[in-house]
Amino acid sequence: MSYQEIERMTPATAPSRVGQGTAVEQSRAVAEVQAAVLVARQFPRNEAVCIAKMQTACAQQELAQRAFFRFPRGTSNVSGETIQLAKELARCWGNIQFGVAELRRDEEYGESEMQAWAWDMESNERSSTTFIVPHARWAKGKAEKLADFRDVYENNANNGARRLREMIFTVLPVWYIEQAKTACANTLANGAGDVPRPQRIAQAIGSFEGIGITADQIETKLGRKSDKWTDVDLGQLQVIFQSIQRGEVTKDEEFPAPRVTTDEITGAKAGA
């Protein structure tokens, strides 16, 4: 181990003097936490009301469309629940605080030390994780170093949001999360309620055509003609469309160009 590595592992010396502003802020933070715990104990959550709030929130198309994500990893796609859904469930459950912070930024080594946490003030269940985020982005099969401060900030924010999502889900009951996922999936499947399915199919095709994806490509992906699409198919298409819009996955990854077969090439030559 080199001297530079040892020096890096040595913790920074604590300041010998604390300013008045820092002392006031420390005292305020302690008092704020104590007050939050006291209020949570005095006004415990009503689980029936929390569930009703969750069901109302998940019945909204605006949340359901942002509740799930898709992004490529290797030769497949990874899907799951978004940070937006996690935050909304924490709000409905109540008496929960959460956050993410950058503890240290090391420009020499090109990395940031961050922490994400979630705390159920009522049950006193707390989950936290500290992690290192390299100032780099994986692209074209290699890590590209980030030089722009805005790119570094956005990279830290994206990594922090993923860890924060897991921390929130850790302190929430599993059954509560599963009910919310089912409710959001049903909302996506049911679409706009009274709108007939043929009209919703036409709207879905029109939305994808607006970003350069044809109905034939969608039918190939789903494995059936558009007049045979189910409510589940329409829900899946909404998740895919929103993921493309957010840049989590590209349209070429979801709808790759069809490969030309040998028979097609032979037939084209014969026709010429």
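So, how was this worked out
Residues numbered from 1 in each chain as written. Predicted model: local features only at pLDDT ≥ 70, side-chain atom pairs only at ≥ 80, totals over all residues. Heavy atoms only, no water. Pairing = 2+ DSSP bridges. Helix = DSSP H or I, 4+ residues; strand = E, 2+ residues; numbered from the N terminus. Core = buried A, V, L, I, M, F, W, Y, C linked by side-chain atoms within 4.5 Å. Buried < 20%, exposed > 50% of the residue type's maximum accessible area, 1.4 Å probe, protein only. Contact = heavy atoms within 4.5 Å. Expected span 1.5 Å × (residues − 1). Polar contact = N/O pair within 3.5 Å; in protein donor to acceptor, adjacent residues only side chain to side chain.

What to know about the pairing of strand β3 (residues 96-106)
Here comes step 1: Pairing analysis gives 10 bridges linking β3 to strand β4 (residues 111-120), with the strands arranged antiparallel. Looking at the pairing, Asp-106 lines up with Glu-111 of β4.
Here comes step 2: Here β3 folds back onto β4, and the loop between the two strands holds four residues, one of which, Gly-110, carries a positive phi near 65 degrees.

Considering the nonpolar core
Here comes step 1: Among the nonpolar cores identified, the biggest contains 35 residues, and Met-54, Cys-58, Leu-89, Ile-168, Leu-172, Tyr-176 and Cys-184 are the most heavily contacted of them.
Here comes step 2: Only α3 (47-58), α4 (61-64), α5 (83-93), β4, β5 (125-134), α6 (149-171) and α7 (174-190) provide two or more residues apiece to this core.
Here comes step 3: Here this core gets seven residues from one element, more than from any other, and that element is α5.
Here comes step 4: Residue contacts for Cys-184: discarding those within four places in its chain leaves Cys-58, Ala-64, Ala-67, Phe-68 and Leu-85.
Here comes step 5: Ile-211, Ile-213, Phe-241 and Phe-255 belong to the second largest nonpolar core, which has 17 residues in total.

A few points about α6
Here comes step 1: The terminal C-alpha atoms of α6 lie 33 Å apart, and with 23 residues this matches the ideal 33 Å at 1.5 Å per residue to within 8%.
Here comes step 2: If you check which residues of α6 are buried, you get Val-152, Asn-155, Asn-156, Asn-159, Gly-160, Leu-164, Arg-165, Met-167, Ile-168, Phe-169 and Val-171.
Here comes step 3: Regarding α6, its N-cap is Asp-148, as a side-chain oxygen of that residue lies 2.8 Å from the backbone nitrogen of Arg-150 further along.

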